[in-house]
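Residue-level structure breakdown
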Amino acid sequence: MSQLTDALDRILNWLQQNKPSYAYSLQPGLAYEEIEEKVKNLPFRLPREVYELYQWRNVGC
């Protein structure tokens, strides 16, 4: 697990305790291939951290 994922998990734990409705509104993460499909027409490459974020939870892609 990366530092980014560790930090996101800590935030999620806080949300589950303090704002459960928001925490449970986050959708499951996307597979790498799903992300690739969604960004295939962008004229640039997304950083690894963006992929990691959307693999962790789908926050509105």
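Described in the following lines is the structure provided in the data block. Predicted, not measured: the structure shown is a model, and the values here were computed from it.

**A short note on the packing of helix α3 (residues 32-39) against helix α4 (residues 48-56)**
Orientation of α3 relative to α4, taken along the N-to-C sense of each, is 120 degrees, at an axis distance of 10 Å. The angle between the axes of α3 and α4 places the two elements in the oblique class. Here α3 runs over α4; the crossing is right-handed. On α4, the residues that touch Tyr 32, Ile 35, Glu 36 and Val 39 of α3 are Tyr 51, Tyr 54 and Gln 55.

**Focus: the packing of helix α1 (residues 3-18) against α4**
Look at α1 against α4: their axes get within 10 Å of each other, and the N-to-C directions meet at 35 degrees. The element α1 and its partner α4 pack so that their crossing is right-handed. Each of Leu 4, Thr 5, Leu 8, Asp 9 and Leu 12 in α1 lies in contact with α4, whose residues at this interface are Glu 49, Glu 52, Leu 53 and Trp 56. For the contact of α1 with α4, a count of residues per class yields five nonpolar, one polar and three charged.

**Re the nonpolar core**
Listed in full, the six residues of the largest apolar core are Leu 8, Leu 12, Leu 15, Ala 23, Leu 26 and Trp 56. Looking at which element gives the most residues to this core, the answer is α1, with three residues. Once residues lying within four places of it in the same chain are set aside, the contact partners of Leu 8 are Leu 53 and Trp 56. Among the nonpolar cores identified, the runner-up in size contains five residues, and Leu 30, Ile 35, Val 39 and Tyr 54 belong to it.

**Some remarks on α4**
Listing the buried residues of α4 in full gives Tyr 51, Glu 52, Tyr 54 and Trp 56. Looking at the buried residues of α4, the elements they touch are α1, α3 and β2 (57-58).

Criteria and cut-off values
- Residues numbered from 1 in each chain as written.
- Predicted model: local features only at pLDDT ≥ 70, side-chain atom pairs only at ≥ 80, totals over all residues.
- Heavy atoms only, no water.
- Axes fitted to C-alpha atoms, helices over the stretch in contact; angles between N-to-C directions.
- Helix = DSSP H or I, 4+ residues; strand = E, 2+ residues; numbered from the N terminus.
- Parallel < 35°, antiparallel > 145°, perpendicular 65-115°, else oblique.
- Left-handed = near helix turned anticlockwise from the far one by under 90°.
- Contact = heavy atoms within 4.5 Å.
- Nonpolar A, V, L, I, M, F, W, Y, C, P; charged D, E, K, R; others polar.
- Core = buried A, V, L, I, M, F, W, Y, C linked by side-chain atoms within 4.5 Å.
- Buried < 20%, exposed > 50% of the residue type's maximum accessible area, 1.4 Å probe, protein only.

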